[in-house]
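Here's the letter readout for the chains.
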Amino acid sequence: MVIEHEVPPFLDWFPGAFAYWVLVVAALIATGLALSFLFYSARRGPASGLREVLQLISDGVSDLLWISPRRILALARLAVQEAWRRRVWVAIVFFWVILAFSAWFLDSATTESARLHLSFVLGWSTFLSLMVALFMSVFSLPNDMAKKTIYTVVTKPVRPSEIVLGRIVGFGAVGTGLLLVMAATSYAFVTLQLRHTHKVLVEELETPEGSLQGGPALVSRTSRDMEHRHLVRLFKDERGVVTGGVTDVVNGHSHEITVETDPNGQVRYAVQPPHDMLVARVPIYGELTFRDEAGTETDRGISVGDEWTYRQFIEGGTANAALWRFRGIDGEQFPNGLPLQMTFGVFRTYKGNIEEGIPGEIVLRNPKTRFSVVAAIVRPREFVLNTIRVPRELVGPTGGPVDLFKDLVANGELEVQVRCVPPGQYLGMAPADLYILDTEASFRVNVAKGFLGIWLQMLLITAIGVTFSTFLNGPVSLIATLSTLVFGYFSMNFMQEMVQGKVPGGGPFESLIRMVNQSNVMNELEPGMYRTLAEAGDKLFQGVLFITVSLLPDLQALSDVDHVTDGFNIPFNNLLVHGTMALGYLAPLFTIGYVILKRREVAK
Amino acid sequence: MPSEVVIETRNLSKVYRDFWGRQKVRALKALDLEVHRGEVFGLLGPNGSGKTTTMKLLLGLLFPTSGQALVFGKSASEVTKNERLGYLPEESYLYRFLNAEETLDFYGRLFDMPASVRRQRSRELIEMVGLTRARRRQLKEYSKGMTRRIGLAQALINDPELILLDEPTSGLDPIGIREIKDLILKLKDQGKTVVMCSHLLGDVQDVCDRIAILHEGELKELGRVDSLLKVRDVTDIQVEGLSDAGCAEIKQVIERHRGRLKSMGNPSTTLEELFLRIVRDSEARPGRRAPAEPVER
């Protein structure tokens, strides 16, 4: 799984994030009060301006203190009734229709069928829930204003804070309902689509040639189901009785085979549901460093010129190596050996055997004694997960036995080195590319956690839509919220790089000059007035963009659906950090919506 | 005359401006007004005279450009004043996807009313406005008159002390108009204060104790209806069962006292009275044509 931005531990992240939040919110409040003062001073003089600002503060405190949960629930209930009678459930029907026809374009016979199905349902759930949240939230309040139904609400003892919060809660509840249905449907759809079994072809059972001790006693094939079949290996115990077996890995999964004997002595082979398909792996990640050709430890590998710098490469046939340091390894936790899983990038300077992958050597090393053992040779292929289980008993360099946890783990620490074997070929590594598989969590719970991330996004879009709709009409609110959604979802990284001046070719003004001059982005612009003006304009633009980036929510970061599609458990820490981030946006959005509604005339 | 002031405006003015802050229209000019507890007060004036603007300022739907609007002694922008207030807008701006019961339940919740009270109050009000049979129908299926009725019911959900009615009889049939007028008088009897604005002068005359006449945003007249309408140099006598000889004798008396007889004869009833009598008679005896003979008085 690609983890470009690691989510920091909550306790490490929170103090800094909270301080930054307080700073931004304080700046917003100060700006709002200053603008109010200037506005009212310009109309009625400074004394009136000051009075209005003080009134605003006092009203704000009072309206927040005397907020009524019953009224909020009444308004939320109205929002739910409104959404329901405006046929919001059509989104669910649409989702079901899409799932019903998905078999036309979703291929179950691929190595990535689980990822394909999961990304399909999660992608559609995200899209539909965000669209529903968007349309519900932006049109409700402007419609109330246009149809004047708001007159009969604000002439009751209802505070503007309750109107804003009632809508956020109501539409949030509708979105929650939709997502619950979508989550249940998605889970059922994926499991039903991918859960399958086969039959062992008993007539093809045969004893393999050159069968060794510990190897399979019988081999066969399975029937062809879901456009694939497996090779079957059955094992016997000391008495020569077949006890069970496994299949090989096809399309990213294997099956366990159980053996049942009926009262007549008839043996039946039952192929169990697939393994490693719908999983939630809990990995233990290590720290990655590199060793250069001279054997010196460094934090960067070799660049092969890829624009995406996520992976650093090691060259084959040299001392170049990637080095993972794992902590907290306990022998009791892994009684059957250490399961290592890895996905490496591959860069070939010559074609080689394209079918086989580039061989890499996995070496385990004791960080204290520096004693090392070659654990395995793997042939990683790009985008394919390779699994090895390092046994507890290993063979040392001198041929003697080596105990994995006694001889190679020191104070819970273990080093795993990866070397690329063939000269002239490269393997690419990132910290999350190799990990120890701790355990497997519940897939069902993981899907629920994935939907929790979508729920946070939906809630935020609802709050943004409601806030915009307190001062904009429906279509303009829609455009404003949609822009926030698009920029917050797809352009945050680009905008952050623009603010930091990392984008080649400068800002918009410099780019304009380059376009007119047809100048390459790698060349410096010639000094002169145009360059000076363009740089000044770009600085100003960067300032505006900095404020925008500071205020815009990074919507994509709130969701962890990639964990679910890649088969990894979503850590509780991620949920905690993302939930707090969402709350950090919801509170100011609610306040802004409240202040605007409070200060505007409802009637015309 | 009850002395407690429920509504007070001081130099209340409203200027509507465009997006750029330029003055569009001066809707209300320095209005000074007091409405006392227990009276039915009418705001009269032609279209665009400032009646509805005044009402919106009193409700806090608009902010005054200058001056003050006080309701129960509090600023009109104060939310808590709404706990004692009911408002029927010009057109019943209600959520058309709700039915009558849901509508009243929703507005009851906004008053923090407990469920049992909401249920009882809704039932009473629906019965009072004659919508019992249509209580489960969505408001989008209601006629205009039915919508006005449920609008009135929502204005009364909290049993308010002050009721603001904007064109309360618009869209209603004569029976509905009479019922509304009767209701206003009933509310007055219960000690409630009613402020209504209308340009149907007959309605205002029938129910209002005092009126204010606005024109182009300015207060032109303010006072009690009976004193404002009284024609001081004409005397009206209505006698029942008088013979022709008696009529002749009265004429002589008038001449003897140098009075000028303007008219003498049998009065006619109003069209409203005639209509209501026919409808009531038709309801009492379905299928029969109502008698067309003039009313004996």
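Here goes a summary of the coordinates provided.

Conventions and cut-offs
- Residues numbered from 1 in each chain as written.
- Chains lettered and ligands numbered in written order.
- Predicted model: local features only at pLDDT ≥ 70, side-chain atom pairs only at ≥ 80, totals over all residues.
- Heavy atoms only, no water.
- Helix = DSSP H or I, 4+ residues; strand = E, 2+ residues; numbered from the N terminus.
- Buried < 20%, exposed > 50% of the residue type's maximum accessible area, 1.4 Å probe, protein only.
- Contact = heavy atoms within 4.5 Å.
- Areas by Shrake-Rupley, 256 points an atom, 1.4 Å probe, with all protein chains shown as cover.
- Lys, Arg positive; Asp, Glu negative; His and termini not counted.
- Charge placed at Lys NZ, Arg CZ, Asp CG, Glu CD.
- Buried area = accessible area lost by both parts, 1.4 Å probe.
- Salt bridge = Lys/Arg side-chain N within 4 Å of Asp/Glu carboxyl O.
- Polar contact = N/O pair within 3.5 Å; in protein donor to acceptor, adjacent residues only side chain to side chain.
- Nonpolar A, V, L, I, M, F, W, Y, C, P; charged D, E, K, R; others polar.
- Phe/Tyr/Trp six-rings, centres within 6.5 Å; stacked < 30°, edge-to-face > 60°.
- Lys NZ or Arg CZ within 6 Å of the ring centre and 35° of its normal.
- Disulfide = S-S within 2.5 Å.

**A word on the overall build of chain B**
So, step 1. For chain B, the helix and strand inventory stands at nine helices and ten strands.
So, step 2. By its C-alpha atoms, chain B is 70 × 50 × 35 Å across when sized along the principal axes.
So, step 3. Within chain B, the proportion of its 297 residues that are buried is 44%.
So, step 4. Within chain B, counting contacts between residues at least 6 apart in sequence, those at least 24 apart form 67% of the total.
So, step 5. Surface summary for chain B: the accessible area is close to 16400 Å², and the carbon and sulfur share equals 48%.
So, step 6. The averaged location of the 44 negative side-chain charges in chain B is 3 Å from the averaged location of its 48 positive side-chain charges.

**Concerning the interface of chain B and chain A**
So, step 1. Tallying the contact residues gives 34 residues for chain B and 33 residues for chain A.
So, step 2. Summing the contributions of chain B and of chain A, the shared interface buries around 3100 Å²; its carbon and sulfur component is 61%.
So, step 3. Counting across the interface, chain B meets chain A through five salt bridges.
So, step 4. Run the count over chain B and chain A and you get 17 residue pairs in polar contact (both at pLDDT 80 or more).
So, step 5. Only β1 (5-17), α1 (51-59), β6 (85-88) and α2 (100-110) of chain B provide two or more residues apiece to the side of chain B that touches chain A.
So, step 6. In the side of chain B that touches chain A, the residues fall into 21 nonpolar, five polar and eight charged.

**As for the packing of aromatic side chains**
So, step 1. Under the defined criterion, the tally for this structure stands at 25 aromatic pairs over all chains.
So, step 2. Pairing A:Phe313 with A:Phe347 gives two aromatic rings, centres 6.3 Å apart and planes at 70°, and the pair type is edge-to-face. With A:Phe313 in strand β9 (residues 312-315) and A:Phe347 in strand β12 (residues 345-348), this pair connects stretches of sequence that are 34 residues apart.
So, step 3. Joined through ring pairs, the aromatic side chains of A:Phe10, A:Trp13, A:Phe14, A:Phe18 and A:Trp21 make up one cluster.
So, step 4. Between A:Arg281 and the ring centre of A:Phe568, over which it is positioned, the NZ or CZ distance is 5.3 Å.
So, step 5. Taking NZ or CZ as reference, B:Arg84 lies 3.9 Å from the ring centre of B:Phe72, over its face.

**Considerations on the state of the cysteines**
Residue and element names in this part refer to chain B.
So, step 1. Applying the stated rule across the entire model yields zero disulfides over all chains.
So, step 2. Note on Cys197: no disulfide assigned, nearest cysteine sulfur contributed by Cys208 at a separation of 10 Å.
So, step 3. Overall, the relative accessible area of 0% leaves Cys197 in the buried class.

**A short note on the environment of B:Ile180**
Residues and elements named next belong to chain B.
So, step 1. Assignment of secondary structure puts Ile180 in helix α5 (residues 174-189).
So, step 2. A relative accessible area of 8% places Ile180 in the buried class.
So, step 3. In the structure, Ile180 is positioned 23 residues away from Asp203 in sequence and 9.6 Å away in space, judged by C-alpha atoms.
So, step 4. Once residues within four sequence positions are removed from consideration, Ile180 is found in contact with Leu152, Pro168, Thr169 and Leu172.

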